[in-house]
Amino acid sequence: PLRAMLDEARTKLLELRALKREEQEKYFALVKQRQEATAPGRELIEERDRLSKQMSEHMIKRREIQDEYKKENWKYQAFLAQQRQERNEKMREERARRQIEQERANLERQLEMVDEEPVDGELILLTQTIAYVQKIMDEHNQTQDGSPGTEQKKTPEAPKGDGMALLPKSQREEEYFFAPKGGKKKTEGGKKAKPKNIKHDIGTLLYFEQCGVAAPVCEGDLEPCMKTLEEKLAAAKELQATKAARVEARRQELQRELEAIDARVAGVSEKREAESEDAEDTEE
C-alpha cells in the first residue's frame, strides 16, 4: 500500500510538472506575442526612459545650481548690508564731526566774548563823579585859603562820559536847587557873608542821579556826598571782582570743554586712520 501511494504521488507530480511546462510555454508564447505586438513602440519607450534619466540628472544639477545661487546671493546681500553699515557709520561720523566743529566754534565764540568782557560802566561813572566832587572840594578849599573877596570865575568840569560834556558858563542855563538871595543884607555889626552854594547843570545832575546820590548843593554836602560815592565805588569794585572771578571760572570751564572736544576729534581721526589701514591690508 505504501508503494502504491508513492507511485500515485509520483504520477501526480509528473502530471503537474507537465501542466507547468505547458503553462510556461503558453506564457512564453504570450510574451513573444506581446513583444511582437509592441516592437514598433519599443524605440519610443527606450527614448522615454533615456529622456527621463536625463531629466533627473538635469533636476539634480538645477538643484545644485539653486543652492549655489542661494549661497552667492546670501554673500552678496551680506556684502550690501556691510556696505550700508559702513556708509551709515561714515554718515554718523560725519554728522558727529560737524556737530563737534559747531560746538567748538560756539565755545570759541563764547570764549572770545568772555575774554572781551566789558568794563563795568558804573565804576567809570563813580570814579569820574568822585573826581568831580574832589575837584569842587579842592577849589572851595583854595577859595577859603585865598582872598575872601575874590570870585571864582572857573566852574569845575563835570565828569566826562557817555558822550556828554559840560558847556562853558556863558553858554549854558544854570539851574539851582533853591533861588539865590536877592542882595546884600546889612546888619548892625556890618556885612553878612553870602552862603557858598554849588551850582550844577542838567548834565551834572544826571550823573549824580545815575550814581544814586543826591547832588551837593552847599559845602556841607560835599563830605557826605564824597563818603557815599566812595562806599558805592568800593561796593562796585567788589561786585566787579566777583564778576571777574565768575568770568574767569566760565573761561576755564569753556577751555576744558574745548580740550574735551579736541580729544574727541583726535579719537575720530585715529579711528578713521585705523579703518583705512585695515581696508588697505584687506585689499592686499
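Residues numbered from 1 in each chain as written. Predicted model: local features only at pLDDT ≥ 70, side-chain atom pairs only at ≥ 80, totals over all residues. Heavy atoms only, no water.

### Some details on the overall build of the protein
Phase 1 of the analysis: Counting its regular elements, the protein contains five helices and zero strands.
Phase 2 of the analysis: Starting at the N terminus and walking to the C terminus, you meet the elements of the protein as α-α-α-α-α.
Phase 3 of the analysis: Relative to its 284 residues, the protein shows a buried fraction of 16%.
Phase 4 of the analysis: Restricting to contacts in the protein with at least 6 residues of sequence separation, those with at least 24 account for 71%.
Phase 5 of the analysis: Approximately 23100 Å² of the protein is accessible, and the part contributed by carbon and sulfur atoms is 54%. (Helix = DSSP H or I, 4+ residues; strand = E, 2+ residues; numbered from the N terminus. Buried < 20%, exposed > 50% of the residue type's maximum accessible area, 1.4 Å probe, protein only. Contact = heavy atoms within 4.5 Å. Areas by Shrake-Rupley, 256 points an atom, 1.4 Å probe, with all protein chains shown as cover.)

### Remarks on helix α4 (residues 202-211)
Phase 1 of the analysis: For α4, the complete set of buried residues consists of Gly 203, Thr 204, Tyr 207, Phe 208 and Cys 211. Axial view of α4: buried residues confined to an arc of 140°, hence all on one face. Those residues of α4 that are exposed and aimed more than 90 degrees away from the buried face are Ile 202 and Glu 209.
Phase 2 of the analysis: Immediately downstream of α4, the backbone of Gly 212 shows phi near 75°, a positive value. (Arc of directions from axis to C-beta.)

### As for a negative patch on the surface
Phase 1 of the analysis: On the surface, Glu 64, Asp 67, Glu 68 and Glu 72 cluster together to form a negatively charged patch.
Phase 2 of the analysis: Locating Glu 72 in the fold gives a position in helix α2 (residues 42-115).
Phase 3 of the analysis: With relative accessibility at 40%, the residue Glu 72 sits in the partly exposed group. (Patch = residues over 30% accessible without salt bridge, like charges linked within 9 Å, V, L, I, M, F, W, Y side chains within 5 Å. Salt bridge = Lys/Arg side-chain N within 4 Å of Asp/Glu carboxyl O. Lys, Arg positive; Asp, Glu negative; His and termini not counted. Charge placed at Lys NZ, Arg CZ, Asp CG, Glu CD.)

### Things to note about the state of the cysteines
A covalent bond between the sulfur atoms of two cysteines is what we call a disulfide.
Phase 1 of the analysis: This model, assessed by the stated rule, comprises zero disulfides.
Phase 2 of the analysis: Between Cys 211, a free cysteine, and Cys 225, which holds the nearest cysteine sulfur, the sulfur-to-sulfur gap is 8.5 Å. (Disulfide = S-S within 2.5 Å.)

### Topic: the nonpolar core
Taken as a class, soluble globular proteins show a tendency for nonpolar side chains to be buried jointly.
Phase 1 of the analysis: Formed by 20 residues in total, the largest nonpolar core has its most connected members in Leu 126, Val 133, Phe 208, Cys 211, Leu 222, Cys 225 and Leu 229.
Phase 2 of the analysis: At the level of elements, α3 (121-145), α4 and α5 (222-283) are the ones that each hand at least two residues to this core.
Phase 3 of the analysis: By residue number, the principal contributor to this core is α3, which donates eight residues.
Phase 4 of the analysis: Leave out the neighbours within four places in its chain, and Leu 229 touches Leu 126, Thr 129, Ile 130, Val 133, Phe 208, Cys 211 and Val 213.
Phase 5 of the analysis: Judged by nonpolar contacts, the second largest core, of six residues, contains Leu 107, Leu 111, Leu 254 and Ile 261. (Core = buried A, V, L, I, M, F, W, Y, C linked by side-chain atoms within 4.5 Å.)

### Remarks on the UniProt feature "coiled-coil region" (unreviewed entry) in the protein
Phase 1 of the analysis: With numbering aligned to this structure, UniProt lists the feature "coiled-coil region" (unreviewed entry) at residues 2-117 and 237-271.
Phase 2 of the analysis: Its end C-alpha atoms 51 Å apart, residues 237-271 is made of 100% helix and 0% strand. (UniProt positions renumbered as here; feature names shortened; annotations may be inferred.)

### Concerning the pattern of salt bridges
Phase 1 of the analysis: For the coordinates displayed, the defined rule picks out six salt bridges.
Phase 2 of the analysis: For Glu 47, the salt bridge identified is with Arg 50, shortest N-O distance 2.1 Å. Highlighted residues: Glu 47 and Arg 50, both in helix α2, separated by three residues, approximately one helical turn.
Phase 3 of the analysis: Asp 49 serves as the salt-bridge partner of Arg 48, at 3.7 Å between the closest nitrogen and oxygen.
Phase 4 of the analysis: Look at Arg 48 and you get exposed, because its relative accessible area is 52%.

### Looking at the environment of Asp 221
Phase 1 of the analysis: Within the secondary structure layout, Asp 221 lies in the loop between α4 and α5.
Phase 2 of the analysis: Between the C-alpha atom of Asp 221 and that of Ile 198, which follows or precedes it by 23 residues, the distance is 9.6 Å.

### Observations concerning a nonpolar patch on the surface
Phase 1 of the analysis: Together, Leu 2, Met 5 and Leu 6 make up a nonpolar patch on the protein surface, roughly 340 Å² of accessible area in all.
Phase 2 of the analysis: Structurally, Met 5 is set in helix α1 (residues 2-38).
Phase 3 of the analysis: Note on Met 5: relative accessible area 55%, which makes it exposed.

### Remarks on the confidence of the model for the protein
Phase 1 of the analysis: Looking at the protein as a whole, the pLDDT averages 75, with 76% of positions reaching at least 70.
Phase 2 of the analysis: Here α5 is the element of the protein with the lowest mean pLDDT, 77, and α1 is the one with the highest, 89.
Phase 3 of the analysis: Between residues 147-180, whose pLDDT stays under 50, and residues either more than four places distant or in other chains, the model counts 46 contacts.
Phase 4 of the analysis: Predicted confidence is poor over residues 182-193, with pLDDT under 50, and the contacts of this stretch with residues over four places away or in other chains come to four contacts. (pLDDT = per-residue confidence, 0-100.)

### Quick notes on the packing of aromatic side chains
Phase 1 of the analysis: Going through the model one piece at a time under the given rule, you end up with two aromatic pairs.
Phase 2 of the analysis: Aromatic side chains Tyr 27 and Phe 28 sit 5.8 Å apart centroid to centroid with 55° between the ring planes, which places their arrangement in the tilted category. An identical accessibility class is assigned to Tyr 27 and Phe 28; each is exposed. (Phe/Tyr/Trp six-rings, centres within 6.5 Å; stacked < 30°, edge-to-face > 60°.)

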